[in-house]
Amino acid sequence: MTSEVFSYESLVHAVSGAVGSVTAMTVFFPLDTARLRLQVDENRKAKSTPAVLADIVKEEGLLAPYRGWFPVICSLCCSNFVYFYCFHWMKGSWLKGRQSTPSTDLIVGIAAGVINVLLTTPLWVVNTRLKLQGSKFRNSDIQPTNYSGILDAFEQIIRNEGVGALWNGTFPSLLLVLNPAIQFMIYEGLKRQLRRGVPRELSSLEVFVIGAVAKAVATTVTYPLQTIQSILRFGQFNTPAEKSKLLSGLETIKCLLVNRARFPAVPSKSWD
């Protein structure tokens, strides 16, 4: 059992997934900045992505679209390493040489996603706040924060909001395990179709295209939940005063889904 968990193949997949995601995030980081601003700032108009980025640069400087790059990259690297490692380890342990199916890919993807969410949510809460620190919001109700770095953010959140705040947004994040699960199911299904009848290695272009299609579909389906996830991680959202003590976690999510969840002009997350 130990050898299956700590296998070389799982390690290679985990490192490859982490490096690939970090590279993609670095290249397209400004798009993720635009996405996050649209999600948490309800008074910002959902213009096209270039228009949102132009506003950010004009108001906050040329480097503003890359604010918070380091904590995001740290979180992304850890998160994708955990996800890819768990996915390929569990898939290999389950199949033991048998042919995979879309349902198997979906179940394994969900299980790997749950493990990933529970382990790495605190990192994403911290990086969301660091990335938005210093931003010029259209919503005047948003209070400025003052974190000097990752460790200081952890310390202030625990001191001021409690340890549980580090897991803000866990419920929508658990629902969002369907995103990579759907992505992997579509990706593996398309890969099997391309290789059906003639076992072969796919070209780089084929891998890129089916990966892009799979991610675009998964992101479009789950985007409203991603918006709620970002708002909860940021930790600044308002509920009616007379209901605040009565709202459960599910009611809060329902309230945000009805009042805040929206699609931007261009879903910038679909490239991740």
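Everything numeric here is computed off the predicted structure, so don't read it as measured data.

Undergrad: Got a minute to help me understand the confidence of the model for the chain in this structure?
TA: Reading predicted coordinates in detail is not appropriate for stretches of low pLDDT. Put simply, the chain has an average pLDDT of 80, and 85% of its residues get 70 or more. Mean pLDDT in the chain bottoms out at helix α1 (residues 2-5), which sits at 51, and peaks at helix α7 (residues 150-161), which reaches 92. Predicted confidence for residues 241-247 stays below pLDDT 50, and this span has 4 contacts to residues more than four positions away or in other chains. Taken together, the stretch residues 264-268 has pLDDT below 50 and engages in 10 contacts with residues farther than four places along the chain or on a different chain.

Undergrad: What's the story with the pattern of salt bridges in this structure? I'm lost.
TA: Think of it this way: side chains of opposite charge can pair up when their charged atoms draw near. Scanning all chains against the criterion turns up 10 salt bridges. Among the ionic pairs, D32 bridges to R35, the shortest N-O distance being 2.7 Å. Placement of both D32 and R35 in helix α3 (residues 29-40) is noted, with a separation of 3 residues, approximately one turn of the helix. Here D32 matches R35 in class, with each residue buried. Of the charged contacts in the structure, one is a salt bridge between E161 and R129, with a shortest N-O distance of 2.6 Å. Of the two residues, E161 sits in helix α7 while R129 sits in helix α6 (residues 102-132), which places them 32 residues apart along the sequence. We classify E161 as partly exposed; its relative accessible area is 40%. Judged by relative accessible area, which is 2%, R129 ranks as buried. Residues participating in the shared-partner salt-bridge network are D32, R35 and K131.

Undergrad: Would you mind showing me how to read the side chain of T104 here?
TA: Structurally, T104 can be placed in helix α6. Not counting residues up to four positions away in its chain, the partners in contact with T104 are W94 and L95.

Undergrad: For this particular structure, what's the right way to read the environment of E201?
TA: By the element assignment, E201 lies in the loop between α9 (178-195) and α10 (204-234). By relative accessible area, which is 69% here, E201 ends up exposed. Taking the C-alpha atoms as reference points, E201 and K191, separated by 10 residues in sequence, lie 9.7 Å from one another.

Undergrad: Can you help me understand the environment of L178 in this one?
TA: Tracing the backbone through its elements, the reader meets L178 in helix α9. With relative accessibility at 38%, the residue L178 sits in the partly exposed group. Distance in space between the C-alpha atoms of L178 and V221 is 9.3 Å, their sequence separation being 43 residues.

Undergrad: Sorry, what's going on with helix α4 (residues 49-60) here?
TA: Every α-helix carries 3.6 residues per turn, so stepping three or four residues along brings you back to the same face. Over its 12 residues, α4 runs 16 Å from end to end, which matches the ideal 16 Å to within 8%, given 1.5 Å per residue. Within the sequence span of α4, burial applies to T49, V52, L53, D55, I56 and E60. Within α4, the buried residues cover an arc of 155° as seen down the axis, which keeps them to one side. Within α4, the exposed residues directed more than 90 degrees away from the buried face are P50 and K58. Where the residues of α4 are buried, they touch α3.

Reading the values: the criteria
- Residues numbered from 1 in each chain as written.
- Predicted model: local features only at pLDDT ≥ 70, side-chain atom pairs only at ≥ 80, totals over all residues.
- Heavy atoms only, no water.
- pLDDT = per-residue confidence, 0-100.
- Helix = DSSP H or I, 4+ residues; strand = E, 2+ residues; numbered from the N terminus.
- Contact = heavy atoms within 4.5 Å.
- Salt bridge = Lys/Arg side-chain N within 4 Å of Asp/Glu carboxyl O.
- Buried < 20%, exposed > 50% of the residue type's maximum accessible area, 1.4 Å probe, protein only.
- Expected span 1.5 Å × (residues − 1).
- Arc of directions from axis to C-beta.

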